[in-house]
Amino acid sequence: MESAVEELMPRLLPVGDCDLPEDFDPSVPPRTPQEYLRRVQIEAARCPDVVVAQIDPKKLRKKQTVNISISGCQPAPEGYSPTLKWQQQQVANFSAVRQSLNKHRNHWRSQHLDSNVNMPKLEDEEGWKKFCLGERVYSEIESQSDNENLGIDYMKVGFPPLLSIVSRMNQATVTSVLEYLIIWFGEKKFTPELGRWFYALLACLEKPLLPEAHSLIRQLARRCSEVRVLEENKNEEQVSALNLIICLVSRYFDQHDLADEPS
């Protein structure tokens, strides 16, 4: 094996046998050029021929090739397709929200957070789900009315996307949290907490979109259309919220193939 390695990696400089004293100790710092070269030879001989890297798959998730699906959204249930005027109005309102957020971002970022607001680290997927949705939604615990109304426990009901919170989120955090919540939404039901955070995170996304963000919002719109079709009681408030997200993705972020046909 050593000869094969030598053929693949020829010596750049001729190095002969080093004339070293019998008491040469490779563990101590070299004192002469000959001792240094001999120490390099010894360390090279100890290196294995094959090295296998220990890779954490979670760290590679963000670096994978992004596959963007071109499939469209499912049409709205009969009687629930939004009008073109309604969609245009929602886009105008959303645009105004984004402009206001960008204008006042530095102000809100400078505001002190309450002592109970501990924003999770970027890679803490479960922490962000609990932070945004609350323990009750995260653990699928039925909401119970408390006899003692001593205030809102945000650990239970989730922190709303306050300007002082979302203004502190950079684009990497916005994209990651959006991904975490979309993954959650892929298996769970739509909730008001989820809708509020989706709206806020979309408002924080910078244009032009990065490929990953582009793929995520399309995935979000398609999932909204699937849930909308499965909505048994056709709750108008919930269908309207789902329509809104589809509208913003398709018409504000220029994913026109996902847009609802006006009623």
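Residues numbered from 1 in each chain as written. Predicted model: local features only at pLDDT ≥ 70, side-chain atom pairs only at ≥ 80, totals over all residues. Heavy atoms only, no water.

A. Representation of the pattern of salt bridges in the model. This structure, assessed with the given rule, holds six salt bridges. Residues D257 and R218 are paired through a salt bridge, measuring 2.8 Å at the closest nitrogen-oxygen approach. Highlighted residues: D257 in the segment after helix 11 (236-252) and R218 in helix 10 (residues 211-230), separated in sequence by 39 residues. Put simply, D260 and R228 hold a salt bridge, and the shortest N to O gap is 2.8 Å. (Salt bridge = Lys/Arg side-chain N within 4 Å of Asp/Glu carboxyl O. Helix = DSSP H or I, 4+ residues; strand = E, 2+ residues; numbered from the N terminus.)

B. Region of interest: the packing of aromatic side chains. In total, this model carries nine aromatic pairs according to the counting rule given. Geometrically, the ring pair formed by F131 and F159 is stacked, given 4.6 Å between the ring centres and 20° between the ring planes. In this pair, F131 is assigned in helix 5 (residues 125-138) and F159 in the loop between helix 6 (154-157) and helix 7 (163-166), connecting sequence segments 28 residues apart. Residue F159 is classed as buried on the basis of its relative accessible area, which comes to 4%. Both rings, one in F185 and one in F198, keep their centres 5.8 Å apart while their planes meet at 55°; by these two values the pair is tilted. Taken as a pair, F185 in helix 8 (residues 171-185) and F198 in helix 9 (residues 192-204) lie far apart in primary sequence, 13 residues in all. When its relative accessible area of 0% is taken as the criterion, F198 is described as buried. An aromatic cluster of at least three residues, connected via ring pairs, comprises F94, Y199, Y252 and F253. In this structure, K188 is placed above the aromatic ring of W184, and the distance from its NZ or CZ to the ring centre is 5.3 Å. It is R223 that lies over the ring of F185; its NZ or CZ is 5.3 Å from the centre. (Phe/Tyr/Trp six-rings, centres within 6.5 Å; stacked < 30°, edge-to-face > 60°. Buried < 20%, exposed > 50% of the residue type's maximum accessible area, 1.4 Å probe, protein only. Lys NZ or Arg CZ within 6 Å of the ring centre and 35° of its normal.)

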